[in-house]
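What follows is the residue order along each chain.
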Amino acid sequence: MNPIETLPLALDIDVLSVALGGRTVLHGITLQLQRGQTLALLGPSGCGKTTLLRAIAGLVATQGGQVRIAGREVAGLPPQARGIGMMFQSYALFPNLSVHDNIAFGPLAQGWTAARADARTAELLALVELSAHARQHPAQLSGGQRQRVALARALAPQPALLLMDEPYSAIDEAFRVPLRRSFRALQQALSQSCVMVTHDREEAFEVADQVAVMLDGRIARLDTPAGLLRDPGTLAVAQFLGTFNVFPQGPAAVQPAQTASPLLWVAPVKSLRLADAASPEAWCFEAQVVARHAGLSSTQIQLARDDGTPLSLIEGRHPLTVGERLKLAQAPSDLVAVSGGPGA
Amino acid sequence: MRAAARWSGAGLLEPLALVLLLTAVVAPPAFVLLYAFSERWDRSLWPEGATLAWFAELGQDPRVAAAALRTAVVAGFSATLATASGCAATLAAHLYAPRLKTLLDALAQLPYAVPPVVVAISALEVFVGGLGGLIDIRLLYVLLLTPLLFPLVHRTLSAALLRMELGTLLEAGRTLGASDALTVRRVVLPLLAPAIAAAGLLCLLTAALEFAVANLLLGGDNELLQPMMNSLRATSGHRSAALVVVSLVLVGLMAAAVQRLTEGRKP
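Residues numbered from 1 in each chain as written. Chains lettered and ligands numbered in written order. Predicted model: local features only at pLDDT ≥ 70, side-chain atom pairs only at ≥ 80, totals over all residues. Heavy atoms only, no water.

**Details of the overall build of chain B**
Turning to step 1, where the next piece is worked out: Counting secondary structure elements, chain B contains 13 helices and two strands.
Turning to step 2, where the next piece is worked out: The C-alpha radius of gyration computed for chain B amounts to 23 Å, which surpasses the reference 18 Å derived for 267 residues by more than 25%, pointing to a less compact arrangement than a globule.
Turning to step 3, where the next piece is worked out: When the backbone C-alpha atoms are referred to their principal axes, chain B occupies close to 75 × 75 × 35 Å.
Turning to step 4, where the next piece is worked out: Relative to its 267 residues, chain B shows a buried fraction of 37%.
Turning to step 5, where the next piece is worked out: In chain B, 72% of the contacts between residues at least 6 apart in sequence involve partners at least 24 apart.
Turning to step 6, where the next piece is worked out: Distance between charge centroids for chain B: 9 Å, based on 19 positive and 16 negative side chains. (Helix = DSSP H or I, 4+ residues; strand = E, 2+ residues; numbered from the N terminus. Rg over C-alpha atoms; globule rule 2.2 N^0.38 Å. Buried < 20%, exposed > 50% of the residue type's maximum accessible area, 1.4 Å probe, protein only. Contact = heavy atoms within 4.5 Å. Lys, Arg positive; Asp, Glu negative; His and termini not counted. Charge placed at Lys NZ, Arg CZ, Asp CG, Glu CD.)

**Quick look at the overall build of chain A**
Turning to step 1, where the next piece is worked out: Looking only at helices and strands, chain A features nine helices and 18 strands.
Turning to step 2, where the next piece is worked out: With respect to the three principal axes, the spread of C-alpha positions in chain A is 75 × 45 × 45 Å.
Turning to step 3, where the next piece is worked out: As displayed, chain A has an accessible area near 15500 Å², and 51% of this comes from carbon and sulfur atoms.
Turning to step 4, where the next piece is worked out: Charge separation in chain A, taken as the distance between the mean sites of 28 positive and 28 negative side-chain charges, equals 5 Å. (Areas by Shrake-Rupley, 256 points an atom, 1.4 Å probe, with all protein chains shown as cover.)

**Notes on the sheet that holds strand β16 (residues 310-314) of chain A**
Residue and element names in this part refer to chain A.
Turning to step 1, where the next piece is worked out: Sheet architecture is open: five strands sit in the order β13-β17-β14-β15-β16, paired in antiparallel fashion. Lying at the two open borders of the sheet, with one neighbouring strand each, are β13 (272-274) and β16. Shown here is a sheet whose adjacent strand axes are inclined to one another by a mean of 50°, direction ignored.
Turning to step 2, where the next piece is worked out: As defined by bridge partners, strand β14 (residues 284-294) adjoins strand β15 (residues 299-305) across seven bridges and the pair is classed as antiparallel. (Pairing = 2+ DSSP bridges. Axes fitted to C-alpha atoms, helices over the stretch in contact; angles between N-to-C directions.)

**Details of the packing of helix α10 (residues 180-209) of chain B against helix α13 (residues 237-262) of chain B**
Residues and elements named next belong to chain B.
Turning to step 1, where the next piece is worked out: Taken N-terminus to C-terminus, the directions of α10 and α13 make an angle of 160°; their axes are 8 Å apart at the nearest point. The orientation of α10 relative to α13 falls into the category roughly antiparallel. Considering the relative orientation of α10 and α13, their crossing is left-handed. Along the contact surface, α10 presents P194, A197, A198, L201, L202, L204, L205 and L209, while α13 presents V251, M254, A257, V258, L261 and T262.
Turning to step 2, where the next piece is worked out: Taken together, the residues of the contact of α10 with α13 break down into 13 nonpolar, one polar and no charged. (Parallel < 35°, antiparallel > 145°, perpendicular 65-115°, else oblique. Left-handed = near helix turned anticlockwise from the far one by under 90°. Nonpolar A, V, L, I, M, F, W, Y, C, P; charged D, E, K, R; others polar.)

**A word on the interface of chain A and chain B**
Buried accessible area, meaning the area lost when the parts come together, often serves as the stated size of an interface.
Turning to step 1, where the next piece is worked out: With 22 residues of chain A at the interface, the matching set in chain B holds 19 residues.
Turning to step 2, where the next piece is worked out: Carbon and sulfur atoms supply 68% of the area that chain A and chain B bury against each other, a total of about 1700 Å² over both sides.
Turning to step 3, where the next piece is worked out: Our count for the chain A to chain B interface comes out at one salt bridge.
Turning to step 4, where the next piece is worked out: The salt bridge involving R54 of chain A is made with E171 of chain B; its shortest N-O contact spans 2.6 Å.
Turning to step 5, where the next piece is worked out: Linking chain A with chain B are four residue pairs in polar contact (both at pLDDT 80 or more).
Turning to step 6, where the next piece is worked out: If you list the elements that add at least two residues to the side of chain A that touches chain B, you get β6 (84-87), α3 (99-109) and α5 (143-155) of chain A.
Turning to step 7, where the next piece is worked out: Here the side of chain A that touches chain B is composed, by residue class, of 14 nonpolar, six polar and two charged. (Buried area = accessible area lost by both parts, 1.4 Å probe. Salt bridge = Lys/Arg side-chain N within 4 Å of Asp/Glu carboxyl O. Polar contact = N/O pair within 3.5 Å; in protein donor to acceptor, adjacent residues only side chain to side chain.)

**Quick look at the pattern of salt bridges**
Residues and elements named next belong to chain B.
Turning to step 1, where the next piece is worked out: By the definition in use, this model includes 21 salt bridges over all chains.
Turning to step 2, where the next piece is worked out: E57 serves as the salt-bridge partner of R239, at 3.6 Å between the closest nitrogen and oxygen. Of this pair, R239 sits in helix α13 while E57 sits in helix α3 (residues 53-60); the two residues are 182 residues apart in sequence, bridging distant segments of the chain.
Turning to step 3, where the next piece is worked out: Using a relative accessible area of 34% as the deciding quantity, one classes E57 as partly exposed.
Turning to step 4, where the next piece is worked out: Between E223 and R63 there is a salt bridge, and its shortest N-O distance comes to 3.1 Å.

**Considerations on a nonpolar patch on the surface**
Turning to step 1, where the next piece is worked out: Among the surface-exposed residues, L18, L21, L22, V25 and V26 of chain B lie close enough to one another that they form a single nonpolar patch of about 490 Å² accessible area.
Turning to step 2, where the next piece is worked out: For V25 of chain B, the location among the structural elements is in helix α2 (residues 9-37). (Patch = residues over 30% accessible without salt bridge, like charges linked within 9 Å, V, L, I, M, F, W, Y side chains within 5 Å.)

**Remarks on the pairing of β15 of chain A**
All names here are of chain A.
Turning to step 1, where the next piece is worked out: Burial of the side chains of β15 is restricted to one face: T299, I301, L303 and R305 are buried, whereas none of Q300, Q302 and A304 on the reverse face is.
Turning to step 2, where the next piece is worked out: Hairpin connection, β14 to β15: the antiparallel pair is bridged by four residues.
Turning to step 3, where the next piece is worked out: When β15 meets β16, the two strands line up antiparallel, connected through five bridges. Each residue of the ladder has a partner; that of I301, found in β16, is L313.
Turning to step 4, where the next piece is worked out: Once β15 ends, the chain turns through four residues before running back antiparallel as β16, passing G308 with a positive phi of about 95°.

**Let's talk about the confidence of the model for chain B**
Turning to step 1, where the next piece is worked out: With 92% of its residues at a pLDDT of 70 or more, chain B has an overall mean of 86.
Turning to step 2, where the next piece is worked out: For this predicted complex, the interface score ipTM comes out at 0.87, alongside a pTM of 0.80. (pLDDT = per-residue confidence, 0-100.)

**Here we look at unusual backbone geometry**
Residue and element names in this part refer to chain A.
Turning to step 1, where the next piece is worked out: Despite not being glycine, E129 has its phi angle at roughly 60°, a positive value.
Turning to step 2, where the next piece is worked out: Examined against the element boundaries, E129 turns out to sit in the loop between α4 (114-127) and α5.
Turning to step 3, where the next piece is worked out: A relative accessible area of 65% places E129 in the exposed class.
Turning to step 4, where the next piece is worked out: Backbone geometry at D216 places phi at a positive 50°, although glycine is not the residue there.
Turning to step 5, where the next piece is worked out: Following the sequence through the fold, D216 ends up in the loop between β9 (210-215) and β10 (218-223).

**Here's the deal with the packing of helix α12 (residues 225-235) of chain B against α13 of chain B**
Residues and elements named next belong to chain B.
Turning to step 1, where the next piece is worked out: One can describe the packing of α12 onto α13 by two numbers: an axis separation of 6 Å at closest approach and a directional angle of 155°. Between α12 and α13, the angle is such that the two are roughly antiparallel. Of the residues in α13, those in contact with L225, M228, M229, L232, R233 and T235 of α12 are G237, R239, S240, L243, V244 and S247.
Turning to step 2, where the next piece is worked out: Residues belonging to the contact of α12 with α13 are distributed by class as follows: six nonpolar, four polar and two charged.

**Some details on the side chain of R239 of chain B**
Turning to step 1, where the next piece is worked out: A relative accessible area of 15% places R239 of chain B in the buried class.
Turning to step 2, where the next piece is worked out: Those residues in contact with R239 of chain B that lie beyond four places of it in its chain are W54, E57, L58, D61 and L232 of chain B.

**A closer look at the packing of aromatic side chains**
Turning to step 1, where the next piece is worked out: Scanning all chains against the criterion turns up five aromatic pairs over all chains.
Turning to step 2, where the next piece is worked out: Here F31 of chain B and W41 of chain B contribute two aromatic rings whose centre-to-centre distance is 6.0 Å and whose plane-to-plane angle is 50°, an arrangement assigned as tilted. In this pair, F31 of chain B is assigned in helix α2 and W41 of chain B in the loop between β1 (38-40) and β2 (48-50), connecting sequence segments ten residues apart.
Turning to step 3, where the next piece is worked out: For the pair Y35 of chain B and W41 of chain B, a centre-to-centre distance of 6.0 Å together with 45° between the ring planes defines the contact as tilted.
Turning to step 4, where the next piece is worked out: According to the relative accessible area criterion, Y35 of chain B is partly exposed, its value standing at 27%.
Turning to step 5, where the next piece is worked out: Residue classification places W41 of chain B among the buried residues on the basis of a relative accessible area of 19%.
Turning to step 6, where the next piece is worked out: Put simply, the rings of F31, Y35 and W41 of chain B touch in pairs and so form one group of aromatic residues.
Turning to step 7, where the next piece is worked out: The lysine or arginine in question, R153 of chain A, covers the ring of F94 of chain A, its NZ or CZ lying 4.7 Å from the ring centre. (Phe/Tyr/Trp six-rings, centres within 6.5 Å; stacked < 30°, edge-to-face > 60°. Lys NZ or Arg CZ within 6 Å of the ring centre and 35° of its normal.)

Okay, here's the thing in structure tokens:
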């Protein structure tokens, strides 16, 4: 048995409910996170992901359910006693304190000796490559540097669980990707358990070991990134992820064995291809190019089948033109059946 | 069309209004300034002879020095009391009691709704007439002035607290294991220091310039500078003007200090 499996879960939430202003905003949330892993709470604005993060932190009151962090029930505890570190969307750095003092604030507040807090601060400053900026104040730093200070400050008291609320949303796109990649490397090196809120699908799929897609205050789907990309579970999740083609009816010859009575079929966009001589006829159908959407790394082709069903296709090496009629092939092994509702 | 508008009455109205406004605001202090620096201004339309004699006389007048000292003490006490109590109440309201904040917002309107003369006459009736001798008149003045100064503290601090996103800072402190008291002491109060200093200076300025209540409540041995400026006019308008000029310079310096403490500063 893997020794990590004998340790308690980093986070174990059981049927958690939260109401704000008399309205229930989180409904029976249940999820688990293994130690050393990162969970991304992914969803559109207003779906409750930040509220869930704040409930884990103890910053909002819960109406029911259990929250265990590293095996310890924390539902009735204040944030100070939960063993968490939190990175806020705005970073919430203390503007009157230097970078060094911001990072040392948590350890000192928790009663560490000054020498131990200093040593920990120096270690983290080196880790986030900000040793040269230790005496500067947050206002003197760039956005990316402030983000790293916030990360170091949250990690300083050695929390059992790191909570991050949209940590990269305030950073320019060009800096976001390298920053999140360096965070991922750091998180894995430290085996730091982490829950991250994001509405950025790319970010969630790149950084997280588990992705919880939240819709309307519920966990609509919790899976690994690869699992989600293979099977979104519901139509709402597939539509939110935006990486699936929806087939109201599977091609007559295409009936995956695992689906008893599917309502709808979905398949990853990247699995749809132009038919060629080797494509079995049963997999094929025709559609017309409606629009081309050029992107940095690929061009997405918007298609319409004869019955009006919209589809997407990743353009290959040969450019396609609007109005062109295409013969396409969809492998049945990539089709999965999904239910029609978000909570189903 | 533009040319027509330029020559119409509407085109002239703006500069005319501006000139009138500037005249109304600038002319009185300008005349007082001229009066303070002139030997006499009673024989023609123009002042005669430049002099600093009125200022020199002021410096040698023990009545002025005593009134200035009393004003500084009374204004200092009032400003300190108003700043300390106002800071505590406003901070507590922002931290823990949104309802208290609503109440304080309403209380901050009250001094503008009740004229100072009404406050002074009521105080005279109750504490000097009805309960005469029960309380020192100077202390009574300080206690009356403190609530009149409260809006300055409450508004200045509330604006600073809203700018600093107090709630997020406290939450950050909590997730780091700090008590709210520690975060307030190490982070919030240092960030608020310029706003507290500005509020204190504003209170000091307002208390030192208060006339209506001081004129009714304090006289004789307790005379303050503002009522004295008014009474000096009877004996020497030039000396009164010189005192006004000195007051204006001090007010200007303090206003500049307040501006310096508050402008463009994110706490």
